[in-house]
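Spelled out from the first residue to the last, the chains are:
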Amino acid sequence: MKPLIVVNNPKHFPFEIPNIPVIAAKAYLLNPEQHHGRDTLLFNLCRSYRYQSIGYYVSLLAAARGHRPLPSISTIQDMKSMTMIRYASDEMEELIQTSLHRIHSREFTLSIYFGRNVARQHDRLSRELFNLFRAPLLRAHFIQDEKWSLVRIGPIGANEIPPDHWPFVAQAAADYFARPRYAPRKKSSARYDLAILHSPGEPHAPSNPRALKRFERAARAFGLEPEVINKDDYGRLAEFDALFIRETTRVNHHTFRFARRAEAEGLIVIDDPKSILRCTNKVYLAELLARHKIRTPKTVVVHKDNVDDLSRQVGLPCILKQPDSSFSQGVVKADDEAQLRLEAERLLEKSELIIGQEFIPTPFDWRIGIIDRKPLYACRYFMASRHWQIQKNGTGDTEYGRVEAVALAAAPQSVVTTALKAANLIGDGLYGVDLKQVGRRVYVIEINDNPSIDAGFEDGELKDEIYRAIMRVFLERIEKQRHEKGK
């Protein structure tokens, strides 16, 4: 990706950054034929981004030309939004207090140059603010009233930088552009850039390292250049065409923020924010499935006032689930009234509502994978040894039941049809629908927005085609989006 710096007047630009062109904002705006090609990352260093100013139009028209502007229009709006500023202050509260605890004045201003500050102790705070408000030159204002809070953030014009900071800013910019991302790209058939969000240390990651390698290989086969990123790369999302989240998603989590920011930046996103919101809350799923008359085990939304009626409604033993449970965690089986009361009270301390569900024992659960409103794969997840779940969490290592990939044609048609009907209520993303079959009855247990696809397990039947099918959807959606925008 080729970087380009746009400023109000290059004659007043105090730095020289090797191999990076610097042009005037008016020249960029008035000569579109000289500045074209989607492989351009534009750094907008204009003095102001206020509505309909020249700086505002640089970012606006950059997006129209297929360039990647920093800041984007969505970031410009975020910097004006007190809601976003309060969110950032709350999100980084501990970091803010740690970074500023030695400052004894009531107010403090932090200058952020390409994610860095001249004082090393503020580097981490600078980087996190840069990731949230992706603009090359920022000024953040804090006020201390019992504790430090972020109250305002905005751009710094290059001409406003103190002369004694110039050498530091030039070096920060040079270091930033020295990253491999901005090096000349080797000849490649890649037409688009795909970010794969993954956390290497996650104990229950939805894809193992071998699966990630196969996703990368499949991406390249479809002209996508993949890059595995982590939560520290939040600010880089505008550099990509698509985001594939291969990390366990939660609403109050960086995965949801990544999905929202990527969607705002115009990326193709799987998992998209709506799917995360809908699938990660089992109370929502219970209401949704009931409203559309999709069979589930007897299910009750439990609160403090109806706990006593639960066993009468769903029977014993029964299953209790916290709304955002995943990987069998936050899910318990109550065998009698005493245990039911104890576990329900424990879960209700964390959430006003939980789920109570009829216990239906089966030797395995079906998992049907859905992508783009079409069935993709089928698996049987067998229960862990001498346990009622597919995953047994003990004091030592986690035990898993056997996973058996099955050809879609060999899976019961009623299971596949029910899974597809349930997933279509959520959206057109990638889902894993868990079901139980008892005789001719099929029950939906839950819909997962971030289903496991591990090499050696879910790909046992389709092999490389499971990875290629998902990458094919990314390519089709990117090209459809480009076509609709007239590019």
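Attention here is on the structure that accompanies the text.

Regarding the pattern of salt bridges
Side chains that carry opposite charge are capable of pairing whenever their charged atoms lie near each other.
Argument step 1. Applying the stated criterion across every chain yields a total of 30 salt bridges.
Argument step 2. Ionic pairing is found between R236 and E239, a salt bridge with its closest N-O pair at 3.2 Å. There is no split in this pair, since R236 and E239 are both buried.
Argument step 3. Among the charged side chains, a network of salt bridges with common partners joins R134, E227, D233, R236 and E239.

Observations concerning the pairing of strand 22 (residues 441–448)
A regular strand places its side chains so that they alternate between the two faces of the sheet.
Argument step 1. Burial of strand 22 is extensive: 7 of the 8 residues sit out of reach of the surface.
Argument step 2. Sheet topology places strand 21 (residues 430–438) next to strand 22; 7 bridges connect them, and they run antiparallel. Bridging across to strand 22, V433 finds its partner in I447.
Argument step 3. Once strand 21 ends, the chain turns through 2 residues before running back antiparallel as strand 22, passing G439 with a positive phi of about 65°.

Some remarks on the nonpolar core
Note on soluble globular proteins: their nonpolar side chains tend to be buried together.
Argument step 1. Grouped together as the largest cluster of nonpolar side chains are 63 residues, with contacts concentrated most on L129, F142 and L243.
Argument step 2. Excluding its chain neighbours within four sequence positions, the residues that come into contact with F142 are I96, L100, R106, E107, F108, L110, L125, L129, W148, S149, L150 and V151.

Some words on helix 6 (residues 123–132)
Argument step 1. Counting buried positions over the 10 residues of helix 6 gives 7, a clear majority of the element.
Argument step 2. Among all positions in helix 6, only D123, L125, S126, L129, F130, N131 and L132 are buried.

What to know about the environment of V302
Argument step 1. Position of V302 relative to the elements: it lies in strand 12 (residues 299–302).
Argument step 2. It is 28 Å that separates the C-alpha atoms of V302 and F382, two residues lying 80 residues apart in sequence.
Argument step 3. Beyond its immediate stretch of four places on either side in the chain, V302 contacts V307, L310, L348, E352, L353, I354, I355 and G356.

Side note on the pairing of strand 21
Argument step 1. Burial of strand 21 is extensive: 7 of the 9 residues sit out of reach of the surface.
Argument step 2. Two strands pair when backbone bridges link them, and strand 16 (residues 364–371) and strand 21 are joined in this way by 6 bridges, in the antiparallel orientation. Paired with I370 across the two strands is Y431, which belongs to strand 21.

Re the environment of P203
Argument step 1. Examined against the element boundaries, P203 turns out to sit in the loop between strand 8 (192–197) and helix 8 (209–221).
Argument step 2. Judged by its relative accessible area of 70%, P203 is exposed.
Argument step 3. Here the alpha-carbon distance between P203 and T248, two residues 45 residues apart in the chain, equals 9.8 Å.

A word on the sheet that holds strand 22
Argument step 1. Read across the open sheet, the 5 strands follow the order 20-17-16-21-22; overall the sheet is antiparallel. Looking at which strands have only one partner, the edges of the open sheet turn out to be strand 20 (403–406) and strand 22. When the angles between neighbouring strand axes are averaged without regard to direction, this sheet yields 30°.
Argument step 2. Set on the sheet, helix 14 (residues 413–423) makes contact with strand 16, strand 17 (374–382), strand 21 and strand 22; between it and strand 21 the angle comes to about 135°.

What to know about the packing of helix 8 against helix 15 (residues 465–484)
Argument step 1. At a closest axis distance of 8 Å, the pairing of helix 8 and helix 15 adopts a crossing angle of 50°. If you check the angle between helix 8 and helix 15, you find them oblique. The chirality of how helix 8 crosses helix 15 is right-handed. Contact residues: A211, R214, F215, A218, A219 and A221 in helix 8; Y467, R468, I470 and M471 in helix 15.

Observations regarding the packing of aromatic side chains
Argument step 1. As enumerated under the stated definition, the model contains 16 aromatic pairs in all.
Argument step 2. Relative to Y57, the ring of Y56 lies with its centre 5.9 Å away and its plane at 85°, an arrangement referred to as edge-to-face.
Argument step 3. The exposure class assigned to Y56 is buried, which follows from its relative accessible area of 9%.
Argument step 4. Among the residues examined, Y57 registers a relative accessible area of 31% and is labelled partly exposed.
Argument step 5. Taken together through their ring pairs, the aromatic side chains of F43, F114, F130, Y176 and F177 make up a single cluster.

What to know about the environment of K333
Argument step 1. Position of K333 among the secondary structure elements: in strand 14 (residues 329–334).
Argument step 2. A distance of 2.9 Å separates the side chain of K333 from the side chain of D335, its partner in a polar contact.

Considering the packing of helix 2 (residues 54–64) against helix 3 (residues 73–80)
Argument step 1. Between helix 2 and helix 3, whose axes approach to 9 Å, the crossing angle comes to 140°. As the angle between them shows, helix 2 and helix 3 are arranged oblique. Between helix 2, through Y56, S59 and L60, and helix 3, the contact on the second element is made entirely by I73, I76 and Q77.
Argument step 2. Partitioning the contact of helix 2 with helix 3 into residue classes produces 4 nonpolar, 2 polar and no charged.

Description of the side chain of T362
Argument step 1. Looking at the secondary structure, you find T362 in the loop between strand 15 (354–358) and strand 16.
Argument step 2. A polar contact is formed between the side chain of T362 and the backbone oxygen of F364, at a distance of 3.0 Å.
Argument step 3. Setting aside residues up to four positions removed in sequence, T362 forms contacts with M383, K436, Q437 and V438.

So, how was this worked out
- Residues numbered from 1 in each chain as written.
- Predicted model: local features only at pLDDT ≥ 70, side-chain atom pairs only at ≥ 80, totals over all residues.
- Heavy atoms only, no water.
- Salt bridge = Lys/Arg side-chain N within 4 Å of Asp/Glu carboxyl O.
- Buried < 20%, exposed > 50% of the residue type's maximum accessible area, 1.4 Å probe, protein only.
- Helix = DSSP H or I, 4+ residues; strand = E, 2+ residues; numbered from the N terminus.
- Pairing = 2+ DSSP bridges.
- Core = buried A, V, L, I, M, F, W, Y, C linked by side-chain atoms within 4.5 Å.
- Contact = heavy atoms within 4.5 Å.
- Axes fitted to C-alpha atoms, helices over the stretch in contact; angles between N-to-C directions.
- Parallel < 35°, antiparallel > 145°, perpendicular 65-115°, else oblique.
- Left-handed = near helix turned anticlockwise from the far one by under 90°.
- Phe/Tyr/Trp six-rings, centres within 6.5 Å; stacked < 30°, edge-to-face > 60°.
- Polar contact = N/O pair within 3.5 Å; in protein donor to acceptor, adjacent residues only side chain to side chain.
- Nonpolar A, V, L, I, M, F, W, Y, C, P; charged D, E, K, R; others polar.

Read these as geometric descriptors, not functional statements.
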